[in-house]
Amino acid sequence: MLAPEHARLVLRVPLTPLIDVVFILLLFFMLSSSFARQQQIEFRTASTSAGAATDDARRVLLLAGGRVEVDGEHVAVDSTAFARQLDDWRGKPGKVIVAAMHDVPVQELVGLLDRLHATQLDRVDLAASVRP
Amino acid sequence: MSIVAAKKKRRAGSGDDGMIPMINIVFLLLVFFMIAGQITPRDTGVELPASVSEAEIAEQQLAVSIDTDGQVRVDGDPVDGDLVSHLATLVEARGGDPVVVTCRVHRELPAQVLDPVLQAARELRIKRLQIVTEWQP
């Protein structure tokens with residue numbers, strides 16, 4: 001039987017190689033992991049261009065500077081007039097076709113799609129961008 | 001034996017004692033980063049648009065990314081020619097399963113960069129398209 005002191009010597013784990021490996025793993029996970037949550041916003045492709053929409057489709061054209069054109073009128077995306085318009089569309093049949101002017105940033109388009117999804121519209125289609 | 005001599009002896013006998021609290025903390029950090037972080041391939045230079053949408057990204061998907069130079073990549077491979085024919089071969093390889101196309105687009109790019117993707121989806125009759133966003137409440 002081993003003396004207690006001798007047994008302790010045998011069981012000692014070499015800590016320096018262990019911490020070397022743990023540090024390497026730690027560095028790997030610190031550098032490669034990201035904490036940003038990636039989500040998505042879904043839409044369908046409009047079968048026709050925004051200019052030739054069918055009768056029951058509503059057309060929204062996104063202009064620069066956070067404004068939209070609905071039925072020939074220009075309103076701001078965050079205005080109450082646009083909110084009232086969306087409330088009016090909700091629950092009624094027919095889809096909404098969204099098109100953006102060709103130079104509007106993708107961020108603004110996503111903002112508008114967010115707004116439409118928040119209103120719980122049944123179907124949102126995205127048409128090709130529009131050139132003036 | 002004096003107290004000083006006893007302390008000296010203890011230090012000399014166990015040089016690794018100070019390591020154990022450090023390893024505890026390092027392990028804790030390691031477990032935190034392993035569990036809380038997500039390992040994702042780096043999109044060089046693609047800043048995703050911010051959104052409040054909480055919908056999860058589809059699992060079976062064709063990933064189209066467009067970086068600031070306008071370079072289109074499908075599942076990581078750069079596409080220089082026709083996007084429609086490139087996507088068509090990938091859709092065919094999936095044997096008729098419904099396809100979801102996810103677009104990773106830099107937030108400041110103009111909306112017209114999405115046009116080739118929309119056109120390809122229309123021609124290939126892909127119904128579902130997703131724009132990948134970064135969740136911001």
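## Section: helix H2 (residues 19-36) of chain B
Helix length check: H2(B) (18 residues) gives 25 Å between terminal C-alpha atoms against 26 Å at 1.5 Å per residue, within 8%. If you check which residues of H2(B) are buried, you get Met19(B), Ile23(B), Val26(B), Leu30(B) and Phe33(B). On an axial view of H2(B), the arc spanned by its buried residues comes to 90 degrees, and they lie on one face. The exposed set on the far side of H2(B), more than 90 degrees from its buried face, consists of Ile25(B), Leu28(B) and Ile35(B). Where H2(B) is buried, its residues touch helix H2 (15-32) and strand E1 (33-34) of chain A.

## Topic: empty space enclosed by the protein
All names here are of chain A. Throughout the structure, instances matching the rule amount to 2 cavities of 30 Å³ or more. Lining the largest cavity, in full, are Arg 58, Trp 89, Arg 90, Gly 91, Lys 92, Gly 94, Val 96, Gln 120, Leu 121, Asp 122 and Arg 123. Across the lining of the largest cavity, the residue classes tally to 3 nonpolar, 3 polar and 5 charged. There is about 40 Å³ of room inside the second largest cavity. Tallied by class, the residues present in the lining of the second largest cavity amount to 8 nonpolar, 1 polar and 1 charged.

## Notes on the nonpolar core
Core analysis: the largest hydrophobic core is formed by 57 residues, its most contacted members being Val68(A), Phe82(A), Leu109(A), Leu112(A) and Val101(B). Per-element tally for this core: the top contributor is helix H4 (residues 106-118) of chain A, with 6 residues. Val68(A) has contacts with Val60(A), Leu61(A), Leu62(A), Leu63(A), Glu73(A), His74(A), Val75(A), Val77(A), Phe82(A) and Leu112(A), leaving out every residue within four places of it along the chain. Grouped together as the second largest cluster of nonpolar side chains are 10 residues, Leu15(A), Met19(B), Ile23(B) and Val26(B) included.

## As for the environment of Phe32(B)
For Phe32(B), the position within the fold is in helix H2. With sequence-adjacent residues up to four places away left out, Phe32(B) is seen in contact with Phe35(A) and Gly37(B).

## Some words on the pattern of salt bridges
Per the stated rule, a full pass over the model turns up 5 salt bridges over all chains. The residue Asp125(A) makes a salt bridge to Arg123(A) at a minimum N-O spacing of 3.2 Å. The class for Arg123(A) is partly exposed, based on a relative accessible area of 34%. For the salt bridge of Glu47(B) with Arg107(B), the shortest nitrogen-to-oxygen distance reads 3.9 Å. Within this pair, whereas Glu47(B) is found in the loop between strand E1 (38-39) and strand E2 (50-51), its partner Arg107(B) is found in the loop between strand E6 (100-105) and helix H4 (115-123), the two being separated by 60 residues in sequence.

## Regarding helix H3 (residues 80-89) of chain A
One turn of the α-helix equals 3.6 residues, which is why residues spaced by three or four share an orientation. Residue and element names in this part refer to chain A. The set of residues buried in H3 consists of Phe 82, Leu 86 and Trp 89. Buried residues of H3, seen end-on, are gathered within an arc of 60 degrees and therefore sit on one face of the element. Seen from the buried face of H3, the exposed residues on the opposite side, beyond 90 degrees, are Thr 80 and Arg 84. Phi turns positive one or two residues past the end of H3, at Gly 91, with a value near 85 degrees.

Definitions and limits used
- Residues numbered from 1 in each chain as written.
- Chains lettered and ligands numbered in written order.
- Predicted model: local features only at pLDDT ≥ 70, side-chain atom pairs only at ≥ 80, totals over all residues.
- Heavy atoms only, no water.
- Helix = DSSP H or I, 4+ residues; strand = E, 2+ residues; numbered from the N terminus.
- Expected span 1.5 Å × (residues − 1).
- Buried < 20%, exposed > 50% of the residue type's maximum accessible area, 1.4 Å probe, protein only.
- Arc of directions from axis to C-beta.
- Contact = heavy atoms within 4.5 Å.
- 1 Å grid on protein atoms, 1.4 Å probe; cavity = no way out; pocket = protein on both sides within 12 Å on 5 of 7 lines; lining within 4 Å.
- Points joined across faces, edges and corners; volume = space filled by probe spheres on them.
- Nonpolar A, V, L, I, M, F, W, Y, C, P; charged D, E, K, R; others polar.
- Core = buried A, V, L, I, M, F, W, Y, C linked by side-chain atoms within 4.5 Å.
- Salt bridge = Lys/Arg side-chain N within 4 Å of Asp/Glu carboxyl O.

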